[in-house]
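Notes for the structure review
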Amino acid sequence: MKVLECSGEIFENIQKMAPVVHNISNYITATDCANMTLACGGSPTMADDPEEVEDIASACAGSVINMGNTAGHYQESMLRTGKINNKVGHPVLLDPVGAGAAKRRNAVLENLLQEIHFSAIRGNISEIKFVGDKSSGAKGVDAADEDLASEDTIEGIVKYAKALAARMETIIIISGPIDVVADAEKAYMIRNGHPMMSRVTGTGCMLSSALGVFLSANPDNMLEAAAVCVSAYGYAGELAYEKVQETKGGTGSLRMYLMDAMSNMDNKCFLHGAKIEEAV
Amino acid sequence: MKVLECSGEIFENIQKMAPVVHNISNYITATDCANMTLACGGSPTMADDPEEVEDIASACAGSVINMGNTAGHYQESMLRTGKINNKVGHPVLLDPVGAGAAKRRNAVLENLLQEIHFSAIRGNISEIKFVGDKSSGAKGVDAADEDLASEDTIEGIVKYAKALAARMETIIIISGPIDVVADAEKAYMIRNGHPMMSRVTGTGCMLSSALGVFLSANPDNMLEAAAVCVSAYGYAGELAYEKVQETKGGTGSLRMYLMDAMSNMDNKCFLHGAKIEEAV
Amino acid sequence: MKVLECSGEIFENIQKMAPVVHNISNYITATDCANMTLACGGSPTMADDPEEVEDIASACAGSVINMGNTAGHYQESMLRTGKINNKVGHPVLLDPVGAGAAKRRNAVLENLLQEIHFSAIRGNISEIKFVGDKSSGAKGVDAADEDLASEDTIEGIVKYAKALAARMETIIIISGPIDVVADAEKAYMIRNGHPMMSRVTGTGCMLSSALGVFLSANPDNMLEAAAVCVSAYGYAGELAYEKVQETKGGTGSLRMYLMDAMSNMDNKCFLHGAKIEEAV
């Protein structure tokens, strides 16, 4: 499978480049996103002042636009960041946090999708369905239960992801019990991760920041880089859960051990834990 | 004592409902508040854009308004959040962070108290005294030493809390060496917690977010739900302190172990550690 | 050496005063900065509303102005905070985060330097060079590699720091593989710390907040207080790294153990680990 053949190169590219990645984030998860960027081998810059995002983003290897905070100047900062990345040809990922949860948020999303071409879009199934169809059953920032991927529904979700990726000329990454990473031609199903990760805030945001590092250092191989990242991150969650069990910890420990595991992740560890399947 | 008889139901209601709780927070403690909401069995949404708080809050089971950040759009977001909760009849708690510390902050507080009926108000004794009397001896966000509850002063504090609860038709929760939870009719004194908790930022804010979960899932039994929450949280602090001693840790560890202990808290653990007394 | 002779008094002054320190911070590192302030024996207030910073800052023992966030009202808050500290004669430290990275940020910096007399300025070598000469090779918030202190370049850096300190009538603190703390007359070179600290976000910001505590409690002996703080903080990083090795942790653990080590630091521990040399 291509993703397992080129994962070594994907990790190496990160190590060689140590990409500076720009994140427009939100204050709930920004610290964790910056630390996850570092844990993955990148260097974060989290500037969000609209008057400086163009200077900052154009000097970086790529950007992550996290829609968690839409107040004040954020919409303008997101727009400028997306456009400058499109102009200089760097990867730019969208995390449509809470898409569907409020009219204001949906209007911001609509605007971003019209003005910017995203290299990749990552969200839970409810968020991605809203990106595609302006409909979802979610409340707040969590996916609606009825939307979640299972062995029964995964085929439909893969098909949906590929079609949306084709229509939007992007990579679609859907987080859930089974993760899906798809472009128009190909999709990977990933069975890494642990349910306890959903009891820590920002595990989705952190994955988006991790993807920012993997995509920025691998612009010519983004689908596989995204699949490696999603699988490695999920496996890091499994390792973290094991440590929580060993130490009789809880959700606070899980958050720390997840960061630890990603900061120690390399290709050998990834290949040991990866559960990736190509959809046919 | 009523609180110990119904604590099982209080925990069960949280587990059944897994309430989505809306927090207007501040960027110093927001990550910890969101994680504490999750640790308690709720699901957080931290949206603060005034243009979306009404959509968000009305879809949630309750809201917590943390006055830590008064800049820019926050006052407007707090007002809208409080009003919509009053309109739909959901619990809304106020944490008057730093009340008394600055004229601007006091004006925001005054405005909130005039426009919104709060289901509960939680603060340290200096903050609560300012809510009640516009006077306190505090500097910054910590309580003034001369105000703190002790065995000598607790009777007066309980009386004060009950009178203020009666006047404002609310539940008053005063954090300190001895915590007080009171409505007009009844008051609980709680002797859980550990002094080291005051060396971690946001331990008050996190308790307010925890209360958001307990109140939102128990709207018909809010006084007892608040008492259970305050006692469980304090006991979690004791358990965290024990782990800090075992591991020769410090304040960083305490913060993590506090989250761990709340994420593992259930009625059995609570009953084991609760030190609650009804004031007569 | 003076710094080792008076370190006991420096720690004692903090313990006696438990200074309330005001921080204008940024939402990426604010939680860690507040917790570091507490870990060092101070009490943080992080208010940034321009309408209240004067009330807040004038009631504190000193302020730290962290330039990490320049958006919206922050510039105004920084200016007012600096001026009120100058007026009441309290220590005020500048952390010129990302100086040189964007035109907007540089303009904010220029304005701050014109309007405020800073008691101390702390940054990496690239940031400090920009403060001094409006030139540096940095990208984002990390120092450019060619600028970093080494045994070959340290002499020039010390000279630069002393000259800049003389010109700006301040204390210059340069973080790097070898830290430099200098005023016009004297400079200390400090060889504490561990390279892994640069893989945790906010280790620079946290040091600035720690310095806020040490300077606020020792206004008559700021150069030595700064040197003790920088060395103690670096040694805390070494102790944290050792614990990461023991527990097979990663960058998440390092962040927590750094906080732990600073919260347990005292003069005895400091004297055990300090690697300070006076430049001649």
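Computed from a prediction, not measured in an experiment: that's the story for all the values here. Counting starts from 1 at the beginning of each chain's written sequence and moves along it residue by residue. Lettering for chains starts from A, numbering for ligands starts from 1, and both go in the order in which the items are written. Where totals are concerned, whole chains, interfaces and linings use all residues; where local detail is concerned, this predicted model gives features only for residues with pLDDT of at least 70, and gives and counts side-chain atom pairs only at 80 or more. With hydrogens and water set aside, each side-chain value is computed from the structure's full complement of heavy atoms.

**Regarding the relation of the copies chain C and chain A**
As a reminder of what qualifies: A least-squares superposition brings the copies together, and it is based on the C-alpha atoms of residues with pLDDT no lower than 70 in both. The contact definition used throughout considers only heavy atoms, calling two residues in contact when any of these lie within 4.5 Å.
Each copy superposes on the other: chain C lies on chain A with an RMSD of 0.0 Å after a rotation of 120° and an axial shift of 0.0 Å. Read as a symmetry element, the transformation amounts to a three-fold axis. Scanning chain C for the C-alpha nearest the rotation axis identifies C:Y27, at a separation of 3.2 Å. Both copies present different contact surfaces, since only 14% of the interface residues of chain C are interface residues in chain A too.

**Concerning the sheet that holds strand β2 (residues 43–45) of chain C**
All names here are of chain C. This is how it is decided: For two strands to be treated as a pair, DSSP must find no fewer than two bridges joining them. Segments assigned H or I by DSSP are reported as helices when at least four residues long, segments assigned E as strands when at least two residues long, and all are numbered from the N terminus. A fitted line through C-alpha atoms represents every axis, and for helices the fit uses only the stretch in contact; the resulting angles, taken between N-to-C directions, go from 0 to 180 degrees.
Taken together, the nine strands give an open sheet; going across it, the order is β2-β1-β3-β4-β5-β6-β7-β8-β9, and neighbouring strands pair in mixed fashion. Of all the strands in the sheet, the pair left with one neighbour each is β2 and β9 (276–278). Across the sheet, the axes of successive neighbouring strands diverge by a mean angle of 20°, strand direction being ignored. Most of the contacts of helix α5 (residues 74–88) go to strand β3 (residues 62–66), to which it runs at about 150°, and overall it touches β1 (20–24), β3 and β4 (92–95).

**Notes on the interface of chain C and chain B**
Here is the rule: Buried area is calculated as the accessible area (1.4 Å probe) missing from two parts once they are joined, with the contributions of both summed. Just to be clear on terms, a salt bridge is a Lys or Arg side-chain nitrogen sitting within 4 Å of an Asp or Glu carboxyl oxygen. For this analysis, a polar contact is any N or O atom pair within 3.5 Å, provided that within protein one partner can donate a hydrogen and the other can accept it, and provided that sequence-adjacent residues contribute only side-chain to side-chain pairs. Gly falls in the polar group here, along with every residue not listed as nonpolar (Ala, Val, Leu, Ile, Met, Phe, Trp, Tyr, Cys, Pro) or charged (Asp, Glu, Lys, Arg).
If you look at the interface, chain C gives 31 residues, while chain B gives 28 residues. Buried area between chain C and chain B, both sides added, is near 2,300 Å², and the carbon and sulfur share of it is 47%. Taken together, the links from chain C to chain B amount to five salt bridges. Taking the shortest distance from any N to any O, the salt bridge between C:D55 and B:K103 comes out at 3.3 Å. Applying the counting rule to chain C against chain B returns 18 residue pairs in polar contact (both at pLDDT 80 or more). Breaking the side of chain C that touches chain B down by element, the ones donating at least two residues are α3 (30–39), β2, α4 (53–58) and α11 (251–263) of chain C. Its residues assigned to classes, the side of chain C that touches chain B comprises 13 nonpolar, nine polar and nine charged.

**Here's the deal with helix α10 (residues 222–246) of chain A**
Note on helix geometry: an α-helix contains 3.6 residues per turn, so any two residues three or four positions apart are oriented the same way. Residue and element names in this part refer to chain A. Applicable threshold: In this analysis, the expected span of each helix is defined as 1.5 Å times one less than the number of residues it contains. For every residue, the accessible area (1.4 Å probe, protein chains only) is compared with the maximum for its type, and the residue is labelled buried under 20%, exposed over 50%, or partly exposed between those bounds.
In a regular helix each residue adds 1.5 Å, so 25 residues correspond to 36 Å; α10 covers 36 Å between its end C-alpha atoms and thus fits that length. Summarising burial for α10: 19 of the 25 residues are buried, a large majority. Just downstream of α10 lies K248, where phi reads positive at about 50°.

**Re the state of the cysteines**
Residues and elements named next belong to chain B. For clarity, the cut-off: For this text, the term disulfide refers to a pair of cysteine sulfurs within 2.5 Å.
Under the counting rule described, the total for this entry stands at zero disulfides over all chains. Just so you know, C6 is unpaired, no disulfide at all, and the nearest cysteine sulfur is the one on C229, 13 Å from it. Among the cysteines around C205, which has no disulfide bond, C33 carries the closest sulfur, lying 5.0 Å off.

**A closer look at the side chain of C:H22**
The topology assignment puts C:H22 in strand β1. Overall, the relative accessible area of 0% leaves C:H22 in the buried class.

**A closer look at the environment of C:F11**
Residues and elements named next belong to chain C. With respect to the element layout, F11 can be found in helix α2 (residues 7–17). Overall, the relative accessible area of 12% leaves F11 in the buried class. With 30 residues separating them along the chain, F11 and G41 place their C-alpha atoms 9.1 Å apart. Not counting the four nearest positions on each side in its chain, F11 is found in contact with F214, V228, A232, M265, D266, N267 and F270.

**Focus on the relation of the copies chain C and chain B**
Mapping chain C onto chain B leaves a residual RMSD of 0.0 Å; the transformation is a rotation of 120° accompanied by 0.0 Å of translation along its axis. The two copies present different faces, since only 13% of the interface residues in chain C are matched by interface residues at the equivalent positions in chain B.

**Let's talk about the interface of chain C and chain A**
Between chain C and chain A, the residue contacts involve 28 residues of the former and 31 residues of the latter. Carbon and sulfur atoms supply 48% of the area that chain C and chain A bury against each other, a total of about 2,400 Å² over both sides. Its largest share of buried area at the contact with chain A, chain C owes to C:Y27, C:I28 and C:R199, together 27% of the area lost on that side. The tally of links from chain C across to chain A stands at four salt bridges. Two residues, A:E51 and C:R104, come together in a salt bridge whose shortest N-O distance is 3.9 Å. At the junction of chain C with chain A, the criterion picks out 19 residue pairs in polar contact (both at pLDDT 80 or more). When contributions to the side of chain C that touches chain A are tallied by element, the ones reaching two or more residues are α6 (103–115) and α11 of chain C. The element best represented in the side of chain C that touches chain A is α11(C), accounting for five residues.

**Re unusual backbone geometry**
All names here are of chain A. Although it is not a glycine, E169 sits at a positive phi angle of roughly 50°. Mapped onto the secondary structure, E169 falls in the loop between α8 (154–168) and β6 (171–175). A residue is classified by how much of its surface remains accessible, and E169, at 62% relative accessible area, is exposed.

**What to know about the pattern of salt bridges**
All told, the structure shown has 43 salt bridges over all chains when counted by the stated rule. When the shortest N-O distance is used, the salt bridge between A:E110 and A:K134 registers 4.0 Å. Of this pair, A:E110 sits in helix α6 (residues 103–115) while A:K134 is found in the loop between α7 (125–133) and α8, placing the two residues 24 residues apart along the sequence. Judged by its relative accessible area of 33%, A:E110 is partly exposed. On the basis of relative accessible area, A:K134 is assigned to the partly exposed category, the value being 38%. Residue B:K186 is joined to B:E224 by a salt bridge in which the shortest nitrogen-to-oxygen separation is 2.9 Å. Of this pair, B:K186 sits in the loop between β7 (179–182) and β8 (187–190) while B:E224 sits in helix α10 (residues 222–246), placing them 38 residues apart in sequence. Assessed through its relative accessible area of 3%, B:E224 is described here as buried. The structure contains a network of salt bridges with shared partners spanning B:D32, B:R255, C:D32 and C:R255.

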